[in-house]
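# Commentary on secondary and tertiary structure
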Amino acid sequence: ALTIDKTGMAKSCAQKIAVAKKLISLCRKLDYFKSGGFIFIDPLTFTLAEPRAAKFGSAKETLKAIKQLSKIKHHAPEVRTILGISNVSYGFEVNARKILNSVFLHEAIKHGLDAAIIDPKQITPLHLIDKKAASLACDLIYNKNKFALENLISFFADKKAEAFTKHTDERSHSIS
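Below or above, wherever it landed, is the structure these notes cover. Quick caveat, the model's predicted, so the values are computed rather than measured. (Residues numbered from 1 in each chain as written. Predicted model: local features only at pLDDT ≥ 70, side-chain atom pairs only at ≥ 80, totals over all residues. Heavy atoms only, no water.)

## What to know about the packing of helix α1 (residues 13-29) against helix α3 (residues 58-75)
Note the following rule: Only C-alpha atoms enter the line fits that serve as axes; for helices the fit covers just the stretch in contact. Angles between N-to-C directions range over 0 to 180 degrees. Helix numbers and strand numbers start at the N terminus; a helix is a DSSP run of H or I with at least 4 residues, a strand a run of E with at least 2. The hand of a helix crossing depends on one turn: near helix anticlockwise from the far one by less than a right angle means left-handed, and clockwise means right-handed. Throughout, a contact is declared for two residues whenever any of their heavy atoms are within 4.5 Å. Polar here means any residue other than Ala, Val, Leu, Ile, Met, Phe, Trp, Tyr, Cys and Pro, which are nonpolar, and Asp, Glu, Lys and Arg, which are charged; Gly is therefore polar.
In contact at an axis separation of 9 Å, α1 and α3 are set at 35° when each is read in the N-to-C sense. For the pair α1 and α3, the sense of crossing is right-handed. Where α1 approaches α3, its residues C13, K16, I17, A20, K21, I24 and R28 are matched on the opposing element by E61, T62, K64, A65, Q68, L69, I72 and H75. Per-class residue counts for the contact of α1 with α3 are seven nonpolar, three polar and five charged.

## Considering the side chain of S12
When you line up the elements, S12 lands in the loop between β2 (8-9) and α1. For S12, the residues in contact, after removing those within four places along its chain, are F56 and E61.

## Side note on the nonpolar core
What counts, and what does not: For the purposes of this section, nonpolar cores are sets of buried Ala, Val, Leu, Ile, Met, Phe, Trp, Tyr and Cys residues that join through side-chain atoms within 4.5 Å. Remark: exposure states derive from per-residue accessible area (1.4 Å probe, protein chains only) relative to the maximum for the residue type, with buried under 20%, exposed over 50%, and partly exposed in between.
Membership of the largest hydrophobic core comes to 31 residues, with the highest contact counts inside it found for L48, F92, L100, V103, F104, L140 and I141. Those elements giving two or more residues to this core turn out to be α3, α4 (94-110), α5 (131-141) and α6 (148-156). Ignoring any residue separated from it by four or fewer positions in sequence, one finds F104 in contact with T45, A59, T62, L63, L83, I85, V88 and I141. The next biggest cluster of nonpolar side chains, apart from the first, holds 16 residues, and it includes V19, F33, I41 and V79.

Here is the structure:
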């Protein structure tokens, strides 16, 4: 179930939770949970490549909603959360997308995400991501400063993908 109603896609955490509660109530009314079913609620996120969404803090609001839904799950064990991760990075160049998707997935899991819609080829384990790239992605996800979008874009401009991740081969050689 998506957090969309008559007014469109819910943007703030409060709107996402209000729609989610309506969806849960509707499922209960329809006796959907009677046979042990679950409802997967997708709080949705906008792309942070869109300056208004970045300025508003779309990803941050989505993470807050996931955390709130995790609290609801204690009283409604039939509720689960799911999220299409790559929506957050739509419109960015490929290297920035991969890092942003990976960092956002990590943050969503920390906030209580149960399931994710991802392309595993577009996810890099956090410990393999360049610390500066991960930090810039976090700045944008959490809307930490008004230049977060510009900083992330300029960091990834004209660099090769290898510059943003550690190679597992190098890492395994350094351990031995």
